[in-house]
Amino acid sequence: TDPLPTETICEVGSPAESILRYANDEDVDLIVISSHGRSGLNRWVYGSVAERIMSQAPCPTLILNARQPSILEAPKKILVPLDGSKLAEKALTPALDLAAALGPELHMLRVTTSGHMRIEIDSKKEVIDGIENEELVEAQSYLQQLVEKLSIENAQLSVEVAGATVAEAIIEYAAENDIDLIIMSSHGRTGLQRWVYGSVAEKVLRSACCATMIVRNN
């Protein structure tokens, strides 16, 4: 195949500001950046730069992780965490595009918060158990309806209860299922718990052992 057209640009200044300015000026569709690289004598850490770009970029940001065994091959498994909101569902667009182009296995994950806590009264525990079961049923139904609505084929649907935090549940699922790429929205919210995907995305970026694509809801 013919090589892709390539243009090299060198700028002096703040790395994050320069990248963001160039992306805006040139209508860039995707920013690809490493999360753990260092550069020259200045040794600016890409981790913090990546987080700033993730939160302000005008386009999706693909963040490659230095801990990932291989980042050059096409992803075989893509994970899309969803929280039930329309904003979070925007991550499905690039995920489905990649699935159509590359044919990876698509995992759709819904994480619910645990209703269990230290309770001494059995009746209260029964109520909370019932609420948690209802949330699990609703989450599974939501994913199934989404698959049917979008005519998604060969999707792996999973509902997990967060033991500690939502971010940790996503990270653990990715590790246990050998996920190559996580695609998620940065501003979804869910239900009464209203866990914000912006902060969750940052935690996933820092700790996941695979690449992460952040889709901003501008």
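Below you will find a few notes about this structure. Chains are numbered independently. Their residues run from 1 in the order of the written sequence. Owing to the predicted nature of the model, reporting of local features is limited to residues with pLDDT of at least 70; listing and counting of side-chain atom pairs is limited to 80 or more, with chain, interface and lining totals taken over all residues. Working from all heavy atoms in the structure, the side-chain values ignore hydrogens and water.

So, the pairing of strand β4 (residues 105–113)
We count it as follows: For the exposure calls, accessible area comes from a 1.4 Å probe over protein chains only, and a residue counts as buried if that area is under 20% of its type's maximum, exposed if over 50%, partly exposed in between. Under the DSSP-based scheme used, a helix requires at least four consecutive residues in state H or I and a strand at least two consecutive residues in state E, with every element numbered from the N terminus. For two strands to pair, DSSP has to find at least two bridges joining them.
The buried count for β4 comes to seven of nine residues, which makes it a mostly enclosed element. The sheet contact formed by strand β3 (residues 77–82) and β4 spans six bridges and is parallel. The partner of Lys77 across the bridge, within β4, is Glu105. The sheet contact formed by β4 and strand β5 (residues 155–162) spans eight bridges and is parallel. Bridge pairing in β5 places Leu109 opposite Ser158.

Observations concerning unusual backbone geometry
Here the phi dihedral of Asp27 falls at roughly 50 degrees; this positive angle occurs in a residue that is not glycine. Of note, Asp27 is situated in the loop between α1 (15–25) and β1 (31–34). The exposure class assigned to Asp27 is exposed, which follows from its relative accessible area of 62%. Its identity is not glycine, yet Ser151 carries a phi of approximately 55 degrees, on the positive side.

Focus on the sheet that holds strand β2 (residues 61–64)
Test applied: Axis definition: a line fitted to C-alpha atoms, over the contacting stretch in the case of helices. Angles run 0 to 180 degrees between N-to-C directions.
With respect to topology, seven strands assemble into an open sheet ordered β1-β2-β7-β6-β3-β4-β5, the strand pairing being mixed. Two strands bound the open sheet, and with one partner strand each, they are β1 and β5. Taking the axes of each pair of neighbouring strands and ignoring which way they run, one obtains an average angle of 20 degrees across the sheet. As paired strands, β2 and strand β7 (residues 211–215) are joined by three bridges and run antiparallel to one another.

Here's the deal with the pattern of salt bridges
Definition in use: Each reported salt bridge corresponds to a side-chain nitrogen of Lys or Arg within 4 Å of a carboxyl oxygen of Asp or Glu.
Enumeration according to the criterion identifies five salt bridges in this entry. With its nearest N and O atoms 3.0 Å apart, the salt bridge here joins Arg21 to Glu11. On the criterion of sequence distance, the pair formed by Arg21 in helix α1 and Glu11 in the segment before α1 is long-range, its members being ten residues apart. Take Glu11: its relative accessible area is 42%, and that puts it in the partly exposed class. Of the charged contacts, one joins Arg206 and Glu202 as a salt bridge, the two residues approaching to 3.6 Å between their closest N and O atoms. Placement of the pair is Arg206 and Glu202 together in helix α7 (residues 197–207), with a separation of four residues, close to one helical turn. For Arg206, a relative accessible area of 43% corresponds to the partly exposed category.

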